[in-house]
Number of protein chains: 2
Amino acid sequence: MTTRTIIRGGRLLTMAEGEAGAVVSEGTLVLAGDRIEYIGPGDVEARPEDEIVDGRGKLYMPGLVNTHGHAAMSLLRGLKDDVNLQVWLQEYMWPTEAKYTAADVRAGTELSIVEMLKSGTTTFMDMYDHMDQVAEAVEASGMRACLNRGVIGLCPEEVQRAKLEEAIRFARAWNGAADGRITTTMAPHAPYTCPPEYIAKFVEAAHELDLPIHTHMSETAREVEENAAAYGVRPVEHLRRLGVFSRPCLVAHGVHLTDEEIDILASHGVGVSHNPGSNLKLASGVARVPALRKAGVRVSLGTDSAASNNNLDIFREIRLAALIHKGVSGDPTAVPAAEALRMGTVEGARSLWLNDVGTLEAGMKADVIAVDVTGPHYQPEADLVSHLVYAGSGADVSDVWVNGKQLVRGRVCLTLDEERVYAEANAALRRLRG
Amino acid sequence: MTTRTIIRGGRLLTMAEGEAGAVVSEGTLVLAGDRIEYIGPGDVEARPEDEIVDGRGKLYMPGLVNTHGHAAMSLLRGLKDDVNLQVWLQEYMWPTEAKYTAADVRAGTELSIVEMLKSGTTTFMDMYDHMDQVAEAVEASGMRACLNRGVIGLCPEEVQRAKLEEAIRFARAWNGAADGRITTTMAPHAPYTCPPEYIAKFVEAAHELDLPIHTHMSETAREVEENAAAYGVRPVEHLRRLGVFSRPCLVAHGVHLTDEEIDILASHGVGVSHNPGSNLKLASGVARVPALRKAGVRVSLGTDSAASNNNLDIFREIRLAALIHKGVSGDPTAVPAAEALRMGTVEGARSLWLNDVGTLEAGMKADVIAVDVTGPHYQPEADLVSHLVYAGSGADVSDVWVNGKQLVRGRVCLTLDEERVYAEANAALRRLRG
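Residues numbered from 1 in each chain as written. Chains lettered and ligands numbered in written order. Predicted model: local features only at pLDDT ≥ 70, side-chain atom pairs only at ≥ 80, totals over all residues.

K.L.:
Requested: an account of the overall build of chain A, with residues and values cited.
P.N.:
Across its full length, chain A carries 15 helices and 17 strands. A principal-axis box enclosing the C-alpha atoms of chain A has dimensions of 65 × 45 × 40 Å. Expressed as a percentage of the 434 residues in chain A, the buried residues total 62%. (Helix = DSSP H or I, 4+ residues; strand = E, 2+ residues; numbered from the N terminus. Buried ≥ 20, exposed ≤ 12 C-beta atoms within 10 Å, placed from the backbone.)

See the structure below:
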């Protein structure tokens, strides 16, 4: 028989649809194998082999979902901040990334996985190079991820061809791997880094492999202007014409969008990964999230990389999403707390085409986090959803399960040796800088 | 002889002027009595009675300064969010606050003190009612504070007179109390809640008592318009004419300011307490911080109350201050990390007219916090100032000293019983709601 984990006495935040997305009650949560067996107010009789967890003082909720990032770039956290975007890219990011070896990708990804797990993220979308390293780190860590080889196509044709083949090989090899925890997509990096005919080849491959597409789009005003100058249309229409939206598609950023572009995204079911921290820090602007949501576009949350954020705590993106759209629009009802929380959980899961994670319900995959709600910022206990969004953070996360397996216990990672990961990240940075 | 605390092996962030405000080195920090005796790279020989602290893995920096808030309102955290400002005030905040007893003020203030201390704030500015309770809580907790009875003057003349007398009595009684940890100011609540002639009486009292003035100003566009309609001038000129700026003065918010108004504030040495979290959440807007700083106005950071923030972690305001002005202006060099950190430390201290806190230097008051920099979000160690601002939070604070006395050790408050404080806050909320 499957050993179960029976968590008693905790507060339960299911994020399930029928419960207005945000209901906190007290009860029992049972994980069996990789699934949730029971969640509800009753008790469940334990068998001798079951693990019993005392949930008092904790709130159990779905693991957070980070729908856009580049995990390996955590090595570049704080390397340079607060400079012009072109200076930052051309003088700091690109020259350092050019020196990246597979081992650096592994070191940076492991660091990001530790940071994400410890702050309550159980699933992440990742776009980078040396993706076998990323997939192996995900497999070993126990995390869930949607991975892709992000391809920049500003290169000779034979290099383009090799990159595309590599992206296809990776997507084919790892889709469904690690007990189904890993899925893959095709990922032309962005309309401004891939020629149109090259993007079309990714669309073709996505159709052949029956995979979704992930790409950057309309992050800065400048790239939108340049797209219009080069191709006669703005990025949304450009990608639509290239067939990108004929596949299930998630675009990152979507900061600079017209009403017409929002309608195109809505009508094609294109999701937007909103990255408020990174967009603010790089001075890209503020995405039109209330308008996107009103039009029916699915909006989820991403950190982008730790080089432009500079952390991977989705709770902070949830809070930013709940705050900045109020401040910028002048409407204090914009993006209420419970909606921001949905963006960081269930909407994130659906944005990555995952239908069995993102809520706590019987039969769903057991991706669960425990939040310690005994601290001063959770007092008095007027509204735990409000407290989570406006006062909570990843630092409150004490325990994490993914696919039914406990990966963090009492704020300590069980599958990755934190000390080793930090030492290797520091060693990698020294080498990259030297 | 004075017992000393000798902290060895920690990283030291002095925030001292000559060191560009942000230098991290490794060395020794010695606290003796209420002052810093030594800070530097050398070692200091210990005497038998000295306490020795192992500072490895910690960064020692000046305690944070919160320059605007209403501590007692933490009881209302999460009571209602995400509604129109007038609904929030008239249906939720004011009716509940009207029921506040002195005991409620004490309970809310103690909860806020615990939250502030545990997240690294060592000094706070507080404006509320029943201020003897606040002052007694500050005295008992060991914290440093600048306190005032915030007076709303929309009431009959005899009530106005009684409130003014109470404000004067409080300011006189507590200025310099608790070994100098408590200072006081006069505080007419705001131009829109106090008739002009009543504000003038506070100015007169401030001159007589030789005290500064603290007030709310230009938080919302609506109050600015109403001020212009009622008095023919916008709030800045209104307060200038009433003599408010003839005293040392700190205004809270200052969201809606013209260039001319910024010049008036600069020329009168008026400080602005920037409250980005609260301003965003209440949809008041985004203060013109880069313009204020360029004009030479001293800008510090405040949380406002936990009812509108909804937390009291100044690290989060530091991060917001470093992020939102970039995003809104489109300039990624706006409010660099080190400047945001100065706003939360030394600029905060100077804004409260405190010249011997806010930096770590020999001879300064020993208001020191230790930040645990061993977590994943501080790796790799490229730039600890960047990491503190963009990735850190109050949850990383492990130890706090104020006036040389340790108030938090290993994340536990030493002077207030956290369990009792939380229980009393919850009991108070139940009574207020019932």
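K.L.:
Give a description of the interface of chain A and chain B that names residues and reports values.
P.N.:
Counting residues at the interface gives 52 residues for chain A and 52 residues for chain B. The class makeup of the residues in the side of chain A that touches chain B is 24 nonpolar, 18 polar and 10 charged. (Contact = placed C-beta atoms within 7 Å. Nonpolar A, V, L, I, M, F, W, Y, C, P; charged D, E, K, R; others polar.)

K.L.:
Any chance you could break down unusual backbone geometry for me, citing the residues and the numbers?
P.N.:
All names here are of chain A. Here the amide bond leading from Q379 into P380 is cis, since omega sits at -20°, within 30 degrees of zero. Despite not being glycine, D82 shows a phi value in the positive range, around 65°. For D82, the position within the fold is in the loop between β6 (64-66) and α1 (85-98). In this structure D82 comes out as buried when scored by C-beta crowding, with 22 C-beta atoms within 10 Å. For A283, which is not a glycine, the phi torsion comes out positive at approximately 60°. Locating A283 in the fold gives a position in the loop between α9 (276-281) and α10 (289-294).

K.L.:
Got a sec to walk through the domain arrangement of chain A? Specific residues and values, please.
P.N.:
All names here are of chain A. Parsing chain A into structural domains produces domain 1 (4-62 + 356-413) and domain 2 (64-351). Across the contact, 27 residues belong to domain 1 and 30 residues belong to domain 2. Elements supplying a minimum of two residues to the side of domain 1 that touches domain 2: α14 (384-391), β15 (397-402) and β16 (405-409). With 5 residues, the top contributor of residues to the side of domain 1 that touches domain 2 is α14. The residue inventory of the side of domain 1 that touches domain 2, partitioned by class, reads 16 nonpolar, 8 polar and 3 charged. (Domains from an automatic or database assignment.)

K.L.:
How would you sum up the relation of the copies chain A and chain B? Please name residues and give values.
P.N.:
Structural alignment of chain A on chain B gives an RMSD of 0.0 Å, achieved by rotating through 180° and translating 0.0 Å along the axis. In symmetry terms, the pair is related by a two-fold rotation axis. When each C-alpha of chain A is compared by its distance to the rotation axis, A395(A) comes out closest, at 3.1 Å. The share of interface residues of chain A whose copies in chain B are also at the interface is 100%, consistent with both copies meeting through the same surface. (Least-squares fit on C-alpha atoms with pLDDT ≥ 70 in both.)

K.L.:
Describe the sheet that holds strand β9 (residues 182-184) of chain B, naming the residues involved and giving the relevant values.
P.N.:
Residue and element names in this part refer to chain B. On the basis of which strands lie adjacent, the open sheet formed by 4 strands has the order β6-β7-β8-β9 and parallel pairing. Of all the strands in the sheet, the pair left with one neighbour each is β6 (64-66) and β9. Taken pair by pair, the neighbouring strands of this sheet meet at an average axis angle of 15°, ignoring direction. (Pairing = 2+ DSSP bridges. Axes fitted to C-alpha atoms, helices over the stretch in contact; angles between N-to-C directions.)

K.L.:
Any chance you could break down helix α2 (residues 102-118) of chain B for me, citing the residues and the numbers?
P.N.:
Residue and element names in this part refer to chain B. Relative to the 24 Å expected for 17 residues at 1.5 Å per residue, α2 spans 24 Å between its end C-alpha atoms, a close match to the ideal helical length. Across the 17 residues that make up α2, a large majority, 15, are buried. Downstream of α2 by one or two residues, G120 has phi in the positive range, about 95°. (Expected span 1.5 Å × (residues − 1).)

K.L.:
Explain the sheet that holds strand β8 (residues 144-149) of chain A to me, and be specific about the residues and the numbers.
P.N.:
Residues and elements named next belong to chain A. The strand order β6-β7-β8-β9 describes an open sheet built from 4 strands, whose pairing is parallel. The outermost strands of the open sheet, each flanked by one partner alone, are β6 and β9 (182-184). Averaged over all neighbouring strand pairs, the angle between strand axes comes to 15°, with direction disregarded. Where strand β7 (residues 121-128) and β8 come together, 6 bridges link them in parallel fashion. By the bridge assignment for β8, Y128 is matched with R149. Its contacts with the sheet put helix α3 (residues 131-141) on β7, β8 and β9, and the angle it makes with β8 is roughly 175°.

K.L.:
Could you give me a rundown of the packing of α2(B) against helix α15 (residues 418-433) of chain B, with the residues and numbers involved?
P.N.:
Residue and element names in this part refer to chain B. Orientation of α2 relative to α15, taken along the N-to-C sense of each, is 135°, at an axis distance of 9 Å. With respect to their mutual orientation, α2 and α15 come out oblique. As for the relative orientation of α2 and α15, their crossing is left-handed in sense. Seen from α2, the contacting residues are D104, A107, G108, E110, L111 and V114; seen from α15, they are E418, V421, E424, A425, A428 and L432. (Parallel < 35°, antiparallel > 145°, perpendicular 65-115°, else oblique. Left-handed = near helix turned anticlockwise from the far one by under 90°.)

K.L.:
So, the environment of E91(B): which residues are in play, and what are the values?
P.N.:
Note on placement: E91(B) falls in helix α1 (residues 85-98). Judged by the 13 C-beta atoms lying within 10 Å of it, E91(B) is partly exposed.

K.L.:
If you had to explain the pairing of strand β3 (residues 35-40) of chain B to someone new, which residues and values would you point to?
P.N.:
Residues and elements named next belong to chain B. Here 5 bridges tie strand β2 (residues 24-32) to β3, and the two strands are oriented antiparallel to one another. In the sheet register, A32 faces β3, and the bridge partner there is R35. Hairpin connection, β2 to β3: the antiparallel pair is bridged by 2 residues, and G33 has positive phi, about 60°.

K.L.:
Tell me about the environment of A307(A), and name the residues and values.
P.N.:
Residue and element names in this part refer to chain A. Structurally, the position occupied by A307 is in the loop between β13 (299-301) and α11 (314-329). Through-space distance from the C-alpha of A307 to that of Q379 is 34 Å; in sequence the pair is 72 residues apart. Those residues in contact with A307, other than ones at most four positions away along the chain, are M73, L76, R77, L79 and M93.

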